[in-house]
Amino acid sequence: MDNKKLADLLFPDVVNTPEYYEEKYPYRKLPSKAQVTRMAPSPTGFIHLGNLYSALADERIAHKKNGVFYLRIEDTDEKRKVDGAVETIINVLRYFNIEFDEGAGFDENAENNKYGPYFQQQRVDIYHAYVKRLVEKGLAYPCFCTEEELEKVRQKQDAKKILTGYYGEYATCRNMSYEEVFANIKAGKEYVIRLRSQGSPDKEITFKDCIKGEIKLPENIHDIVLLKKDGVPTYHFAHAIDDHLMRTTMVIRGGEWLASVPIHYELFNILGFKMPEYGHTAHLMKFDEETGGKRKLSKRKDPELSLDYYRKDGYHPYCMKVYLLTLLNSNFEEWHEKFPDKDINDFPFSVDKMSQSGALFDKDKLHNICKNELSCLSEYEMYNFLHEWAVEHEPEKCDIWFADKEKMLGILRLYMGIGMKRRRKDFIYARQIFELIAYFFDMEDGQKERDKLGNQTIDKKTVHNILKEYLATYNHDDDNSAWFNKLKAIADKFGFASDMKAYKKEPEKYNGNVSDIAEIVRIAVTGRANTPDLWQIVHIMGQEQMTERITAAIEV
RNA sequence: GGCUCCAUGGUCAAGCGGUUAAGACAUCGCCCUUUCACGGCGGUAACACGGGUUCAAAUCCCGUUGGAGUCACCA
């Protein structure tokens, strides 16, 4: 059959040739080892930790050697599109300090937008030019099979226990004559364009994955769909065209794509493109309670792993980045500990240090990292971070919390251990921080704990007497040690050990020790068993508030 | 089911033919500490199983088992 004639019938409107595009998007002039990477999400508006994980890898690889990291939007599936998704993606990544060099979201005429458009919907002319060429060469053809017909074939193949799919003798539209095609089109039948696969079932391809190493896979034999019935390309075809024309050098993507490398291999091959390097990442996993095993993070089942979740609770983006980096490159953690003052972007990120199997997401580890990283901030950095978070996520309480700047700074200094020999590590994320210090602002806060006083080892009456004694002897002008000496005096009076060493020697001789006295006062004042130095707390909140709290505890 | 990848403590992981099998998180204990933390020291805890190859195997090969991914006009 006359392929040229067929191509013209199918694509009468194509004006530009592949050569035109090759020239329009020349090879990038970059330093010798620079890589061009990309993030290519579909605009569903949902980004989870896995996406960030992978985007961070791409970004590091590109920026490590002055390469390019760009954003392309894979909006070829109408059904999944969500409005505003692109803005969300850019904002979220920006929040985590990951910046693109070019791509979607940049001004169309900007210097760094030479390889656009970056929305696949806007690239259909390009795809068509290349498909037309393939049809001319007899490497692609129209297929009029309906979904029902395909489903029937699939069932038949299933029953015979042979490979399912559109290939070989099952590719019924493969050898349709021009006349038939013409008649079908004339009749208004819908069709897709399929690849005429040149692969052989008993040959295999070998390629080097830069994360997983050498991998052997069978050749592709499927006549996969290149253009869907609406003329929009499938992922596979768009990937080949876009990554070639945008001159991507390294494609880091999820392991779910590994199985389709043979398709991409054939596509790049028949198109005459050089393949980029591939790196297929292991997925972040989650422990599944139901099955008792690991599984891939899923959008459906794990809403708590969406990035919004971390934003809402106010995880500091820097901490998230550090955590992700420790997962991404096994030697990062060691490096970061060795050079705590170096910019984490100076870490020599390397693809081959990336993990082969999926890491279980570990919240304990994340929290530990948060504690450590947050303890390195200054009180002003912390103040700003908390303020920004509160404005957005707790607007009503924000005014109360930040009404008195000096008070807040004082609290932060105290809780962060600023001015002490060593920093404290109480802070994990914004919401947790405000829960920790809520008693400074909310009189009701901690009442539950106060109510419990006297229900444990020490009886209620004793507790109340201790608190009364505390109030009676309290002097707001006492310094820290004078104040503590009074606690000791109370201890002695009630048969508690004021000397820890003596207590340890003969614990049975006492009702308890100063630590117990301090705990009682601590809970009465703050509603918490764990807080920094009580004397300082009392001096931040003031005598009045303290008295009120203790009175409330006694009156229970 | 076919194809592919993976397999070291509870978790993340070093390891590249000879190691007392690192380290981090979690956990437990002790010490420091006038209270809470921080910190310091120490403990418990691992090479999935079975065959080879080798003087020597966590490391190389082959099976088994287990886990994961994928088999669309979704990406």
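Nothing here was measured: the structure is a model prediction, and the numbers come from that model.

Cut-offs applied
- Throughout, residues of each chain are indexed from 1 in the direction in which the sequence is written.
- Labels are handed out in written order, letters beginning with A for the chains and numbers beginning with 1 for the ligands.
- Totals for whole chains, interfaces and linings use all residues, but because this is a predicted model, local features are given only for residues with pLDDT of at least 70 and pairs of side-chain atoms are given and counted only at 80 or more.
- Think of the side-chain values as coming from all heavy atoms in the structure, minus any hydrogens and water.
- Each residue gets one of three labels from its accessible area relative to the maximum for its type: buried under 20%, exposed over 50%, partly exposed in between, using a 1.4 Å probe on protein chains only.
- Here a strand is any run of E in DSSP of at least two residues, a helix any run of H or I of at least four, and the numbering for each starts at the N terminus.
- Handedness of a crossover is defined as follows: with both strands directed away from the viewer, a clockwise route from the first strand across the helix to the second makes it right-handed.
- Side-chain rings of Phe, Tyr and Trp (the six-membered ring for Trp) are treated as a pair once their centres are within 6.5 Å; stacked means planes under 30 degrees apart, edge-to-face means over 60, and tilted covers the remaining angles.
- Note on geometry: a ring has a charge over it if NZ (lysine) or CZ (arginine) is within 6 Å of the ring centre and within 35 degrees of the ring normal.
- One number per residue, pLDDT, summarises how confident the predictor is, and it ranges from 0 to 100.
- Between the first and last residue of a helix there are one fewer steps than residues, each counted as 1.5 Å, and that sum is the expected span.
- Buried Ala, Val, Leu, Ile, Met, Phe, Trp, Tyr and Cys residues that are joined via side-chain atoms within 4.5 Å together make up what is termed a nonpolar core.
- Every residue pair with non-hydrogen atoms within 4.5 Å of one another is taken to be in contact.
- For this document, the term salt bridge refers to a Lys or Arg side-chain nitrogen within 4 Å of an Asp or Glu carboxyl oxygen.
- Two strands pair under a simple rule: DSSP has to find at least two bridges between them.
- In this analysis, axes come from line fits to C-alpha atoms, helices being fitted only over the stretch in contact, and the angle between any two N-to-C directions falls in the range 0 to 180 degrees.
- Note on terminology: near, applied to a residue and a molecule or strand, indicates that one of the residue's heavy atoms is within 4 Å of it.
- We define a polar contact as two N or O atoms separated by no more than 3.5 Å, with the added condition that, inside protein, one atom must be a possible hydrogen donor and the other a possible acceptor, whereas residues neighbouring each other in sequence contribute only through side-chain atom pairs.

A. Quick peek at the pairing of strand β1 (residues 36-39). The alternating pattern of β1 places Val36 and Arg38 and Thr37 and Met39 on opposite faces, both of which are buried. Regarding the hand of the β-α-β motif, the stretch spanning β1, helix α3 (residues 49-64) and strand β2 (residues 68-71) is right-handed.

B. Structural context of the packing of aromatic side chains. In the structure shown here, the tally under the stated rule is 33 aromatic pairs. When the centroid spacing of 6.1 Å and the interplanar angle of 25° are considered together, the rings of tyrosine 178 and phenylalanine 182 count as stacked. With tyrosine 178 and phenylalanine 182 both in helix α7 (residues 178-186) and four residues apart, the pair spans about one turn of that helix. According to the relative accessible area criterion, tyrosine 178 is buried, its value standing at 15%. Using a relative accessible area of 36% as the deciding quantity, one classes phenylalanine 182 as partly exposed. Within the aromatic cluster, the residues linked to one another by ring pairs are Tyr309, Tyr310, Tyr315, Tyr323, Phe361 and Tyr429. The side chain of arginine 28 reaches across the aromatic face of tyrosine 115, ending 4.0 Å from its centre. Arginine 247 extends its terminal NZ or CZ atom over the ring of tyrosine 27, reaching a point 4.2 Å from the ring centre.

C. Highlighting the confidence of the model for chain A. Per-residue confidence for chain A averages 90 on the pLDDT scale, and 96% of its residues sit at or above 70. What the predictor reports for the complex is a pTM of 0.90 with an ipTM of 0.93.

D. Helix α14 (residues 379-393), seen in detail. The end-to-end C-alpha separation of α14 is 21 Å, in line with the 21 Å expected for 15 residues at 1.5 Å each. Taken residue by residue, α14 has Glu379, Met382, Tyr383, Phe385, Leu386, Trp389 and Ala390 as its buried positions.

E. Structural view of unusual backbone geometry. Its identity as a non-glycine residue notwithstanding, asparagine 97 has a phi of 65°, on the positive side. The topology assignment puts asparagine 97 in the loop between α4 (85-95) and β3 (102-103). The backbone of arginine 247 sits at a positive phi, close to 60°, despite the residue not being glycine. On the secondary structure map, arginine 247 appears in the loop between α8 (235-245) and β9 (250-254).

F. A look at the nonpolar core. Among the nonpolar cores identified, the biggest contains 163 residues, and Phe237, Met382 and Tyr470 are the most heavily contacted of them. When neighbours within four sequence positions are excluded, methionine 382 is seen to be in contact with Leu374, Leu377, Leu412, Met416, Phe427 and Ile433.

G. Inspection of the pattern of salt bridges at higher detail. Using the criterion set out here, one finds 25 salt bridges in the structure. A salt bridge links lysine 132 to aspartate 8; its shortest N-O distance comes to 3.1 Å. Within this pair, whereas lysine 132 is found in helix α5 (residues 124-136), its partner aspartate 8 is found in helix α1 (residues 3-10), the two being separated by 124 residues in sequence. For lysine 132, a relative accessible area of 11% puts it in the buried group. Between arginine 247 and glutamate 22 there is a salt bridge, and its shortest N-O distance comes to 3.3 Å. In this pair, arginine 247 sits in the loop between α8 and β9 while glutamate 22 sits in helix α2 (residues 18-24), placing the two residues 225 residues apart along the sequence. Taking relative accessible area as the criterion, glutamate 22 reaches 28% and is therefore assigned partly exposed.

H. Quick look at the sheet that holds β1. The sheet built from three strands is open, its strands ordered β1-β2-β3 with parallel pairing. Looking at the sheet topology across the chains shown, the edges are occupied by β1 and β3. Where β1 and β2 come together, four bridges link them in parallel fashion. From the neighbouring strand, arginine 38 faces β2, where its bridge partner is tyrosine 70. Relative to the sheet, α3 contacts β1 and β2, its axis offset from that of β1 by approximately 160°.

I. Region of the structure containing the sheet that holds strand β8 (residues 225-227). The sheet built from three strands is open, its strands ordered β4-β5-β8 with antiparallel pairing. Because the sheet does not close on itself, it has two edges, and the strands there are β4 (140-143) and β8. Each strand axis lies, on average, 45° off the axis of its neighbour in the sheet, ignoring direction. Of the pairings in the sheet, the one linking β4 to strand β5 (residues 192-195) comprises four bridges and is antiparallel in character. Opposite tyrosine 141, over in β5, you have arginine 194 as the bridge partner. Along the sheet, α5 makes contact with β4, β5 and β8, crossing β8 at roughly 125°.

J. Representation of the protein's contact with RNA strand B. Of all residues adjacent to RNA strand B, which total 54 residues, the nearest are Lys228, Lys365, Phe484, Arg522 and Asp533. Close to the protein, within 4 Å, the atoms of RNA strand B are drawn from sugar and phosphate at a rate of 71%. Within the side chain of serine 330, an N or O atom sits 2.8 Å from a phosphate oxygen of RNA strand B. In this structure, arginine 423 approaches RNA strand B through a main-chain N or O atom, which is 2.8 Å from a sugar or linking oxygen. Broken down by secondary-structure element, the contributors of at least two residues to the surface near RNA strand B are β5, β7 (213-218), β12 (293-296), α13 (363-374) and α22 (514-526).

K. Main features of the environment of isoleucine 344. Mapped onto the fold, isoleucine 344 is located in the loop between α12 (332-338) and α13. With 19 residues separating them along the chain, isoleucine 344 and leucine 325 place their C-alpha atoms 9.0 Å apart. The contacts of isoleucine 344, once residues within four sequence positions are left out, are Tyr318, Lys321, Val322, Leu325, Phe332, Trp335 and His336.

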